[in-house]
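Understanding the architecture of this molecule
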Amino acid sequence: MAKIIGIGNALVDILVHLDDEKLLQELCLPKGGMTLIDEDGLARIREIVGALNSTCATGGSASNTIHALSVMGDATGFVGAVGDDDMGLFFAEQMKARGTRAVLRRLPTQATGIATTFITPDGERTFATYLGAAAHVRAEGLKAMIADNPEAEILHVEGYLVQDHDLILDILTIAREAGLAVSYDLASWNIVEADHDFITTLVRDYVDIVFANEEEAAAFSRQRDPEVALRLLAAAADTAVVKIGARGALGMRGGEQAAVAGRRLTPTDTTAAGDFFAAGFLHGRVCGASLERCLDLGNRLASEVIQVYGTELPAERIRQAIAD
């Protein structure tokens, strides 16, 4: 039975390696952010990407977190929507291979969502996301997942879903009524800035565990100091985490505060670093670990995934990272 359920955009990542940032500027993509594109935008990017070095992998923030949790041996579930196409089949098969119970809405009239991920020489990733079928995930899928998994403890929600206010409110209400702890990843600083008041209300009224990187925490709290931002996040949610890159991570839970040092590595690709951090932290949480240990596990997984391109971190490296 799934103990940790993820809900979010079921995407396939197309990873593109850039020699500089000129293409980001040409496409008007804010570096390090996530920008939604339409079919015309996807067609333009495909035309450009066709001449560049690229690879394919499963993606989506919550999906990445569930992927890592399943490899660590946690019982997982995922709710999303895909097209009735080759990309959708690829996504579903990967979920099954990892042992994740999936409720995937299949849409014959929509293409599976694609996140084109541009990786600059400094390892930073910038997303141009065509949601396609992923935008049609429904709260009913979560109801079905919970009904089949009454022992579920945590619902992990990716912040990108906030762009559909009614959907995310339905999801969080269902989770609350089912007695699940809600884990919420703020997802992207530009998303937080664009919908600040609504997101603040969500975190305050529905969220138990909130994850933010330094930029997202600043956008939420409107404070640049990560420790100040952490306190403001913790005033809204029971548990708050602020990831501060190579310097490590900070956390607060109730009156408890903890910090862990980072690992000074030169990143190959920061794609899914936050997603894998959330996986390590939530793994610790369901195992009853201390706040400091949860932060450490998150930091370990994030440090591993930034040393590879995309999210295809070998299972043995994931297991080794949490065993040390």
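Presented here is an overview of the structure given in this document. The residue numbering used here restarts from 1 in each chain and proceeds along that chain's sequence as written. Only residues with pLDDT of 70 or above have their local features reported here, since the model is predicted, and side-chain atom pairs are shown and tallied only from 80 upward, although totals for entire chains, interfaces and linings are computed over all residues. Water and hydrogen atoms were dropped before computing side-chain values, which therefore reflect all heavy atoms in the structure.

The next point concerns helix α2 (residues 39-49). Only protein chains enter the accessibility calculation, which uses a 1.4 Å probe; a residue whose area is less than 20% of its type maximum is buried, one above 50% is exposed, and one in between is partly exposed. For helices the rule is a DSSP run of H or I covering at least 4 residues; for strands it is a run of E covering at least 2, with both sets numbered from the N terminus onward. Within α2, the full set of buried residues consists of G41, L42, I45 and V49. End-on view of α2: buried residues confined to an arc of 100°, all on one side of the axis. Facing away from the buried side of α2 by more than 90 degrees, the exposed set consists of E39, D40 and E47. What makes two residues a contact is simply this: any of their non-hydrogen atoms within 4.5 Å. On its buried face, α2 is in contact with β2 (11-17), β4 (54-59), β7 (113-119) and β8 (125-130). Its side-chain oxygen placed 3.2 Å from the backbone nitrogen of D40, D38 serves as the N-cap of α2. Along the arc lie the directions from the helix axis toward the C-beta atoms. What qualifies as a polar contact is a pair of N or O atoms within 3.5 Å, subject to a donor-acceptor requirement within protein and to the restriction that residues adjacent in sequence count only when both atoms come from side chains.

Helix axes are fitted only over the stretch in contact, all axes being lines through C-alpha atoms; the angle between N-to-C directions runs from 0 to 180 degrees. Relative to each other, helix α12 (residues 291-305) and helix α13 (residues 315-323) sit at 145°, their axes nearing to 9 Å. Classified by chirality, the crossing of α13 by α12 is right-handed. Side by side, α12 and α13 meet where R293, L297, R300, L301 and E304 of the first sit next to R317, I318, A321 and I322 of the second. As a working rule, the residues Ala, Val, Leu, Ile, Met, Phe, Trp, Tyr, Cys and Pro are called nonpolar, Asp, Glu, Lys and Arg charged, and the rest polar, with Gly in that last group. When grouped by side-chain class, the residues that make up the contact of α12 with α13 number five nonpolar, no polar and four charged. Working rule for handedness: look at the near helix, and if it is turned counterclockwise from the far one by less than a right angle, call the crossing left-handed; if clockwise, right-handed.

Summarising the sheet, strand β5 (residues 76-83) and strand β6 (residues 101-107) pair through seven bridges and their orientation is parallel. Counterpart to F78 in the pairing with β6 is A102. For crossovers, right-handed means that the path from the first strand over the helix to the second runs clockwise, given strands pointing away from the viewer. Each parallel crossover has a hand, and for β5 linked through helix α4 (residues 86-97) to β6 it is right-handed. Pairing between two strands requires that DSSP report at least two bridges joining them.

So, on to the side chain of N299. For N299, the position within the fold is in helix α12. Judged by relative accessible area, N299 falls into the buried class, the value being 7%.

With 56 residues, the main nonpolar core has V157, Y184, L186 and V203 as its most contacted residues. Ranked by residues supplied to this core, first place goes to helix α6 (residues 165-177) with six residues. Ignoring any residue separated from it by four or fewer positions in sequence, one finds V203 in contact with Y184, L186, V210, F220, A236 and A237. By size, the runner-up hydrophobic cluster in this structure holds 44 residues, among which are I4, I154, L297 and V305. Buried Ala, Val, Leu, Ile, Met, Phe, Trp, Tyr and Cys residues form a nonpolar core when they are joined through side-chain atoms within 4.5 Å.

So, about the sheet that holds β8. If you trace the five strands from one edge of the open sheet to the other, you get β3-β8-β7-β2-β4, paired in mixed fashion. Taken across any chain shown, the strands that pair with only one partner, and hence form the sheet edges, are β3 (34-36) and β4. Looking at each pair of strands side by side, their axes are set apart by 25° on average, direction ignored. Sheet analysis places β2 next to β4, joined by six bridges and oriented antiparallel. Bridged to V16 within β4 is S54. Strand contacts of α4: β2 and β4, with the helix running at about 60° to β4, the strand carrying the most contacts.

Here we come to unusual backbone geometry. One non-glycine residue with positive phi stands out, namely A187, at about 80°. Relative accessible area serves as the criterion here: at 6%, A187 is assigned to the buried category. Of note in the backbone geometry, R222 takes a positive phi value of approximately 60° without being a glycine. Topologically, R222 is positioned in the loop between α9 (214-221) and α10 (226-236).

So, about the state of the cysteines. By definition, a disulfide links the sulfur atoms of two cysteines through a covalent bond. We call a pair of cysteine sulfur atoms a disulfide when they lie within 2.5 Å. Summed over all chains, the structure comprises zero disulfides. Free of any disulfide, C287 has its nearest cysteine sulfur in C294, 8.6 Å distant.

Moving on, we get to the packing of α9 against α10. Contact geometry for α9 and α10: axes closest at 9 Å, N-to-C directions at 65°. In the crossing of α9 with α10, the sense of the turn from one axis to the other is left-handed. Seen from α9, the contacting residues are E214, A217, F220 and S221; seen from α10, they are P226, A229, L232, L233 and A236. Among the residues forming the contact of α9 with α10, the class breakdown is seven nonpolar, one polar and one charged.

A few words on the pairing of strand β13 (residues 249-253). Most of β13 is tucked away, with four of its five residues classed as buried. As paired strands, strand β12 (residues 239-243) and β13 are joined by five bridges and run antiparallel to one another. Opposite T239, over in β13, you have R253 as the bridge partner. As consecutive antiparallel partners, β12 and β13 are separated by five residues, and within that stretch G245 has a phi angle of approximately 65°, a positive value. Counted along the chain from β13 to the antiparallel partner strand β14 (residues 256-260), the turn is two residues long, and its residue G254 has a positive phi close to 60°.

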